[in-house]
Amino acid sequence: MRLDRYVSQSTGMPRSHATPLIRGGQVTVAGAVVRDPAEQVVPGRDAVTVRGVAVREPGHLLLMMHKPVGVITTTEQGRQPTVMELVPADLRHRDLAPIGRLDKDTTGLLLLTTDGGLNHALTHPRRHVEKAYLAELDCELQPDAEARFLAGLTLEDGTLCKPAGLERLGPLQVRVLLREGRFHQVKRMITACGSTVVSLHRERIGALWLDPALPPGEVRMLRPDEVQLLGIGAGQAPADALQPAASQSETPENDG
Ligand code: URA
């Protein structure tokens, strides 16, 4: 496959954008800069990076799910319903896995992919991909909660969290911004500040927002522009991606 086609299919950018990146020396194949857009690349053999970020192999599936309450995030079949049962039947034979985990009672944006490299890149703690959660609380948080989130608070078992964002949207509603993913992390951080989470919803992963038109329980393929938001510079949300547009369908552990 030609390099410009590979970059275009992997990242979702048009070939007309991929070509100048390649000619400008921003693309490597197997560790070496390649400036010829016609260079032949073998998917699965040659690792390709764009601006220093590994891009996924073309041909992989990347799905967005609006996870509903009551399903568990696992590929293992058991007694409880799983997110895999929500995947359309014609895709279930593909080797899909959720990217990170949401608790059974958490709703919102969950990605699934056949691309192990992308999965690793988005969940690896060193990538610091930011995730945004909306939480409803049983009572108001302590007054110093924002400062404690920002400083990196300590959970009841002594775990020290990385600095995190906390915005009060109302007396009983907050947005939490995390760049790491510990078991029940949002719930435990809120508990440490005097309240209990009564419902939790993930709105965003990196620069990608949950499609507001996607009903709970539904799954769809990511559009090329959405793939691009994740594939290149995932986690570095450009300013204009930080709020969902009105029309948009845009925007190794528990996910925080
Ligand atoms: N934090 C939690 O507490 N639960 C989730 O499902 C995700 C983040």
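The coordinates are above.
All of the points below concern the structure found in this document. These figures come from a predicted structure and were not determined experimentally.

Turning to the overall build of the chain, a few remarks are in order. Of the regular secondary structure elements, the chain holds six helices and 13 strands. In the chain, buried positions account for 52% of the 256 residues. Carbon together with sulfur atoms contributes 53% to the accessible area of the chain, which is approximately 12000 Å² in total.

Take the sheet that holds strand E1 (residues 27–29) next. The antiparallel open sheet is built from four strands, whose spatial order is E2-E1-E3-E4. Bordering the open sheet on either side are strand E2 (32–33) and strand E4 (53–54), each of which pairs with just one other strand. Pairing geometry for E1 and strand E3 (residues 48–50), over three bridges, is antiparallel. In the strand pairing of E3, valine 27 is matched with valine 50. Together, E1 and E3 form the strand contacts of helix H1 (residues 3–11), whose direction differs from that of E3 by roughly 70°.

Right, let's get into the packing of aromatic side chains. Here the distance between the centres and the angle between the planes together describe a pair of aromatic rings. What the rule picks out here adds up to zero aromatic pairs. One Lys or Arg, arginine 204, reaches over the ring of tryptophan 209 and ends 5.5 Å from the middle of that ring.

The relative placement of two packed helices is expressed as an angle between their axes plus a distance between the axes. Look at H1 against helix H2 (residues 15–23): their axes get within 9 Å of each other, and the N-to-C directions meet at 120°. Considering their axes alone, H1 and H2 lie oblique with respect to each other. Crossing of H1 over H2 shows right-handed handedness. Across from Leu3, Asp4, Arg5, Val7 and Ser8 in H1, the residues of H2 making contact are Arg15, Ala18, Thr19 and Ile22.

Attention now goes to the state of the cysteines. For the structure on display, the rule yields zero disulfides. With no disulfide of its own, cysteine 193 has cysteine 161 as its nearest cysteine by sulfur position, at a separation of 9.6 Å. Note on cysteine 193: relative accessible area 0%, which makes it buried.

Right, let's talk about the pattern of salt bridges for a bit. According to the stated counting rule, one finds 17 salt bridges in the structure shown. Between aspartate 4 and arginine 15 there is a salt bridge; the shortest N-O distance is 3.7 Å. In this pair, aspartate 4 sits in helix H1 while arginine 15 sits in helix H2, placing the two residues eleven residues apart along the sequence. Judged by its relative accessible area of 4%, aspartate 4 falls in the buried class. A salt bridge links arginine 168 to glutamate 146; the nearest nitrogen and oxygen atoms lie 2.7 Å apart. With a gap of 22 residues between them, arginine 168 in strand E9 (residues 165–170) and glutamate 146 in helix H4 (residues 145–151) connect regions that are remote in the sequence.

Turning our attention to the nonpolar core. Membership of the largest hydrophobic core comes to 33 residues, with the highest contact counts inside it found for Phe149 and Ile190. When contributions to this core are tallied by element, the ones reaching two or more residues are strand E5 (62–67), strand E7 (106–113), strand E8 (131–137), H4, strand E10 (173–178), helix H5 (185–192) and strand E11 (197–205). Among residues more than four places away in sequence, those in contact with phenylalanine 149 are Lys162, Pro163, Ala164, Gly165, Leu166, Val176, Met189, Ile190 and Cys193. Core analysis: the second largest hydrophobic core is formed by 17 residues, Val129, Ile205, Ala207 and Leu229 among them.

The next point concerns the environment of leucine 102. Mapped onto the elements, leucine 102 comes out in the loop between strand E6 (97–98) and E7. Considering only alpha carbons, one finds leucine 102 and valine 71, 31 residues apart in sequence, at a separation of 9.3 Å.

The element H5 is extensively covered by neighbouring structure, given that six of its eight residues are classed as buried. Along H5, the residues that are buried comprise Gln185, Val186, Lys187, Arg188, Met189 and Ile190. In this structure, the buried side of H5 is in contact with E7, E8, H4, E10 and E11. A positive backbone phi angle near 95° is found at glycine 194, which sits one or two residues after H5.

Reading the values: the criteria
Residues numbered from 1 in each chain as written. Predicted model: local features only at pLDDT ≥ 70, side-chain atom pairs only at ≥ 80, totals over all residues. Heavy atoms only, no water. Helix = DSSP H or I, 4+ residues; strand = E, 2+ residues; numbered from the N terminus. Buried < 20%, exposed > 50% of the residue type's maximum accessible area, 1.4 Å probe, protein only. Areas by Shrake-Rupley, 256 points an atom, 1.4 Å probe, with all protein chains shown as cover. Pairing = 2+ DSSP bridges. Contact = heavy atoms within 4.5 Å. Axes fitted to C-alpha atoms, helices over the stretch in contact; angles between N-to-C directions. Phe/Tyr/Trp six-rings, centres within 6.5 Å; stacked < 30°, edge-to-face > 60°. Lys NZ or Arg CZ within 6 Å of the ring centre and 35° of its normal. Parallel < 35°, antiparallel > 145°, perpendicular 65-115°, else oblique. Left-handed = near helix turned anticlockwise from the far one by under 90°. Disulfide = S-S within 2.5 Å. Salt bridge = Lys/Arg side-chain N within 4 Å of Asp/Glu carboxyl O. Core = buried A, V, L, I, M, F, W, Y, C linked by side-chain atoms within 4.5 Å.

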